[in-house]
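Structure at a glance
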Amino acid sequence: MAKTIALAGKGGVGKTTICGMLIKYLAEHNKKPILAVDADANENLNEVLGMEIEDTLGSIREEMAQAELAKNNPIPLGMTKQEYAEMKFADALSEGDDYDLLVMGRTQGKGCYCFVNGILSSQVAKYAGNYKYIVVDNEAGMEHISRGVLPRVDTVIIVSDCSRRGVMTAGRIYDLAKELDLGAKEIKLIINRAPASGASETVLETVKECGMDLAGILPHDEELFEYDGEGKPTAELPKENHFKAELYKLFDSMNL
Ligand SMILES: Nc1ncnc2c1ncn2[C@@H]1O[C@H](COP(=O)(O)OP(=O)(O)OP(=O)(O)O)[C@@H](O)[C@H]1O
Ligand SMILES: [Mg+2]
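When you go through the protein residue by residue, the secondary structure sums to 10 helices and 8 strands. The globule rule puts the C-alpha radius of gyration for 256 residues at 18 Å, and the 19 Å found for the protein is close to it. Projecting the C-alpha coordinates of the protein onto the three principal axes gives extents of approximately 65 × 40 × 35 Å. Sequence separation of at least 24 residues holds for 80% of the intrachain contacts in the protein that already meet a minimum separation of 6. Summed over all atoms, the accessible surface of the protein reaches about 12600 Å², with 48% contributed by carbon and sulfur. Of the side chains in the protein, 28 bear a positive and 41 a negative charge, and the two mean positions are spaced by 4 Å.

In structure tokens form, the structure reads like this:
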């Protein structure tokens, strides 16, 4: 049974950056095979990892819907619509040497993400048995997890910025993660982008009040910020990078 680790947290706190480095960490520690899942409709885990992607579940679904509208039936004779869809959705899995990446993406236009969420859910369930680790980057908030996109999660890593209100938001996500029947054995908090002076007493007090288990505090890192600004894959920062070194130490302590 694959161990599933999901990242959660409010917008822009560093979920995808930490998720990308977690995937690299697991691969470097021979915890393979790994399925990386980008469950953010605005996909960007591939950029952090430096991996090219061609298709997403959303874009494939869109293409099929367009073909149907144009009455241009691409389904080969003797194949059911369901079988054809299954075959096409397999294209959304990009295979790499160290990990495979499944990208949800979105369909065009208005409407809800539920449909593509459902496809993601069944694809993850289908692949789960082939992997030792499944690492899921989520969009901001707890929508995905609450909608039951993931059938089961072993570890939830909540990422927060270093502010009191940020930690309070993380606390609400924590409460929701506990309420939902995900089977999470551990829920950890990572505070990211702390100033050189570290987290304030108030912030640390708030963590305690919310009852969260603080795995560690990571610094704001200029080199990481510049790397990202130049469009370089931040998960590939050298090991000597201060942020990466601190994050790897934190993962070492997490018993992953
Ligand atoms: N410790 C850090 N020091 C400097 N920059 C950072 C740090 N952590 C993250 N960043 C930068 O902050 C920005 C947001 O990070 P990221 O995309 O990982 O956040 P996110 O939580 O996944 O955002 P979203 O909610 O939009 O998915 C990126 O430009 C990233 O490079
Ligand atoms: Mg993100």
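This part is about the site of ligand 1. By nearness alone, 18 residues border ligand 1, and Lys15, Thr16, Thr17, Asp221 and Asp228 come closest of all. One of the backbone nitrogen or oxygen atoms of glycine 14 is found 3.0 Å away from an oxygen atom of ligand 1. The cavity that encloses ligand 1 is the largest pocket. Mapped by element, the contributors of at least two residues to the shell around ligand 1 are α1 (15–28), β7 (186–194) and α9 (222–229). When its residues are assigned to classes, the shell around ligand 1 shows 6 nonpolar, 7 polar and 5 charged.

Turning to the sheet that holds strand β1 (residues 3–9), a few remarks are in order. Pairing in this open sheet of 8 strands is mixed, and the strands run β3-β4-β2-β5-β1-β6-β7-β8 from one edge to the other. Two strands bound the open sheet, and with one partner strand each, they are β3 (93–95) and β8 (213–219). Averaged over neighbouring strand pairs, the angle between their axes works out to 20° when direction is ignored. Packed on one face of the sheet, helix α10 (residues 242–252) meets β7 and β8 and runs near 165° to β8.

Inspection of every chain in the model, using the stated rule, returns 0 disulfides. Here cysteine 210 stays free of any disulfide, with the sulfur of cysteine 162 as its closest cysteine sulfur at 14 Å.

Next up on the list: the nonpolar core. Counting residues in each nonpolar core, the largest one holds 46 residues, and the members touching the most others are Leu35, Val37, Leu57, Leu102, Leu120 and Ile158. Every residue in contact with leucine 102, bar those within four places of it in the chain, is listed here: Leu35, Ala36, Val37, Asp38, Leu57, Ala92, Leu93, Leu120, Gln123, Val124 and Tyr127.

Moving on, we come to the layout of surface pockets. Estimated volume of the largest pocket: approximately 530 Å³. Around the largest pocket, the lining is made up of 26 residues, and of these Gly14, Thr17, Val48, Arg193 and Asp228 lie nearest the centre. Broken down by secondary-structure element, the contributors of at least two residues to the lining of the largest pocket are α1, α2 (45–49), β7 and α9. Residue contributions to the lining of the largest pocket peak at 4 residues, all from α9. Across the lining of the largest pocket, the residue classes tally to 7 nonpolar, 12 polar and 7 charged. Here the second largest pocket defines a volume of roughly 200 Å³. Lining of the second largest pocket is provided by Arg61, Met64, Glu68, Lys81, Gln82, Ala85, Glu86, Phe89, Phe115, Ile119, Ser122 and Gln123. Where the lining of the second largest pocket is concerned, the elements lending two or more residues are α3 (57–69), α4 (81–89) and α5 (114–127). Examining the composition of the lining of the second largest pocket, we find that 5 residues originate from one element, α4, more than from any other.

Turning our eyes to something else, we now look at the pairing of strand β2 (residues 34–39). Sheet faces and side chains relate simply in a regular strand, where the side chains alternate between the two faces. β2 sits mainly inside the fold: 6 of its 6 residues count as buried. The side-chain alternation of β2 yields two buried faces, one formed by Ile34, Ala36 and Asp38 and the other by Leu35, Val37 and Ala39. Where β2 lies against strand β4 (residues 99–103), 5 bridges are found, and the strand directions are parallel. Bridge pairing in β4 links aspartate 38 to valine 103. The sheet contact formed by β2 and strand β5 (residues 133–138) spans 6 bridges and is parallel. Bridging across to β5, alanine 39 finds its partner in asparagine 138.

So, about the environment of asparagine 241. By secondary structure assignment, the location of asparagine 241 is in the loop between α9 and α10. Distance in space between the C-alpha atoms of asparagine 241 and leucine 224 is 8.0 Å, their sequence separation being 17 residues. Ignoring sequence-local partners within four residues, the contact set of asparagine 241 consists of Asp221, Glu223 and Leu224. Within the local environment of asparagine 241, its side chain forms a polar contact with the side chain of aspartate 221, the two groups lying 3.0 Å apart.

The rules behind these values
Residues numbered from 1 in each chain as written. Chains lettered and ligands numbered in written order. Predicted model: local features only at pLDDT ≥ 70, side-chain atom pairs only at ≥ 80, totals over all residues. Heavy atoms only, no water. Helix = DSSP H or I, 4+ residues; strand = E, 2+ residues; numbered from the N terminus. Rg over C-alpha atoms; globule rule 2.2 N^0.38 Å. Contact = heavy atoms within 4.5 Å. Areas by Shrake-Rupley, 256 points an atom, 1.4 Å probe, with all protein chains shown as cover. Lys, Arg positive; Asp, Glu negative; His and termini not counted. Charge placed at Lys NZ, Arg CZ, Asp CG, Glu CD. Near = heavy atom within 4 Å. Polar contact = N/O pair within 3.5 Å; in protein donor to acceptor, adjacent residues only side chain to side chain. 1 Å grid on protein atoms, 1.4 Å probe; cavity = no way out; pocket = protein on both sides within 12 Å on 5 of 7 lines; lining within 4 Å. Sits in = over half its atoms within 2 Å of the grid points. Nonpolar A, V, L, I, M, F, W, Y, C, P; charged D, E, K, R; others polar. Pairing = 2+ DSSP bridges. Axes fitted to C-alpha atoms, helices over the stretch in contact; angles between N-to-C directions. Disulfide = S-S within 2.5 Å. Core = buried A, V, L, I, M, F, W, Y, C linked by side-chain atoms within 4.5 Å. Buried < 20%, exposed > 50% of the residue type's maximum accessible area, 1.4 Å probe, protein only. Points joined across faces, edges and corners; volume = space filled by probe spheres on them.

Geometric descriptors of this kind do not, in isolation, establish any biological role.
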